[in-house]
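Close look at the chain arrangement
Take a look at the letters that make up each chain.
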Amino acid sequence: MSAERLKRITDAVREHGRSSVAELAQLTGASEMTIRRDLEVLAEQGVLERYRGGARSLLLRGEEPPFALRAQEGLEVKRRIAAEVAALVADGESVVLDGGTTCLEVARLLVHRRLTVMPLSLHAANALADAAQLTLLLPGGQPRRGELALTGPLTEASLAALRFDTAILGCCGLTATDGLTAYDLADAAVKRAAMASSRRVIAVAEAAKLSRTALAHVAPASALHAVVTDQAAPADATDALSAAGLTVRMA
């Protein structure tokens, strides 16, 4: 309930630009004291700025919410998607694993597998650091603040030097029309490099992302082999992706 309340507060402040404590208390059904504590948490995450009696948004409509906030959203759905993805990976495979919150859940499920994995974020690398059977490869690169996804020419060069069985990619948006998209230009370049070095590409995307397009184009939908989403995915979106040649799996 706390994570859902934080999301509703974030969405409301982002939609209106600013909201008062009283308005947010009425929206969520929580006490004003609880709302003040929630606003402090969100202010620490860089989502909004507090002022006396309310808060104003620091997120533009086209910006990606902070990792710390996204990590708590739809966690059960992300774990179901991650379990479906992990089942698609066979022991002995070499895997490049993207950054993002859903891919972090995938990393946690691969810890005890006999695989070779190159994670593209420090969050996922930390999750895999003590894996006994797994061979962990670390790319070079510069971590994005907060996100800790590795980007830049060193990351792209690390990917170009290797060949993977499977790339598991997160996304900010995925549609049959606009393809795979990301909020960050440097992140989009790393995703393209991961795809170029992999025999098979699997995208992970919660249902809401199948009707969303972000700023940076990564690749057309036809360049992917499969997408794993959840049962809330709209039928028209999944049908269009299937028609583009993707295997669509519902977690």
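Whatever comes next refers back to the structure up there.
These figures come from a predicted structure and were not determined experimentally.

The rules behind these values
Residues numbered from 1 in each chain as written. Predicted model: local features only at pLDDT ≥ 70, side-chain atom pairs only at ≥ 80, totals over all residues. Heavy atoms only, no water. Axes fitted to C-alpha atoms, helices over the stretch in contact; angles between N-to-C directions. Helix = DSSP H or I, 4+ residues; strand = E, 2+ residues; numbered from the N terminus. Parallel < 35°, antiparallel > 145°, perpendicular 65-115°, else oblique. Contact = heavy atoms within 4.5 Å. Nonpolar A, V, L, I, M, F, W, Y, C, P; charged D, E, K, R; others polar. Pairing = 2+ DSSP bridges. Buried < 20%, exposed > 50% of the residue type's maximum accessible area, 1.4 Å probe, protein only. Lys, Arg positive; Asp, Glu negative; His and termini not counted. Salt bridge = Lys/Arg side-chain N within 4 Å of Asp/Glu carboxyl O. Polar contact = N/O pair within 3.5 Å; in protein donor to acceptor, adjacent residues only side chain to side chain.

Closest axis-to-axis distance for the helix α8 (residues 153-160)/helix α9 (residues 185-196) pair is 9 Å, and the angle between their directions is 10°. Judged by the angle between their axes, α8 and α9 are roughly parallel. Of the residues in α9, those in contact with Thr-155, Glu-156 and Leu-159 of α8 are Ala-189, Val-190, Ala-193 and Ala-194. Taken together, the residues that form the contact of α8 with α9 break down as 5 nonpolar, 1 polar and 1 charged.

Next up on the list: the sheet that holds strand β2 (residues 48-51). Read from one edge of the open sheet, 3 strands run β1-β3-β2, paired in antiparallel fashion. If you trace the sheet from one side to the other, it starts and ends with β1 (18-20) and β2, each paired once. The average undirected angle you get between the axes of adjacent strands in this sheet is 20°. For β1 and strand β3 (residues 54-57), the ladder comprises 3 bridges, and the chain directions are antiparallel. Directly across from Arg-18, in β3, lies its bridge partner Arg-56. Packed on one face of the sheet, helix α2 (residues 21-28) meets β1 and β3 and runs near 80° to β1. Packing against the sheet, helix α3 (residues 32-44) makes contact with β2 and β3, and its axis sits at approximately 135° to β2.

The next thing to look at is the side chain of Lys-78. Summarising the element assignment, Lys-78 is placed in helix α5 (residues 75-88). One buried charge, Lys-78, has no salt-bridge partner; the nearest side chain with opposite charge is Glu-206, at 4.0 Å. A polar contact is formed between the side chain of Lys-78 and the side chain of Thr-101, at a distance of 2.9 Å.

What follows deals with the pairing of strand β12 (residues 198-204). Across the 7 residues of β12, 5 count as buried, placing the element largely inside the fold. In this structure, strand β9 (residues 164-169) lies alongside β12, joined through 5 bridges in parallel fashion. Bridged to Phe-164 within β12 is Ser-198. Pairing analysis gives 3 bridges linking β12 to strand β14 (residues 226-229), with the strands arranged parallel.

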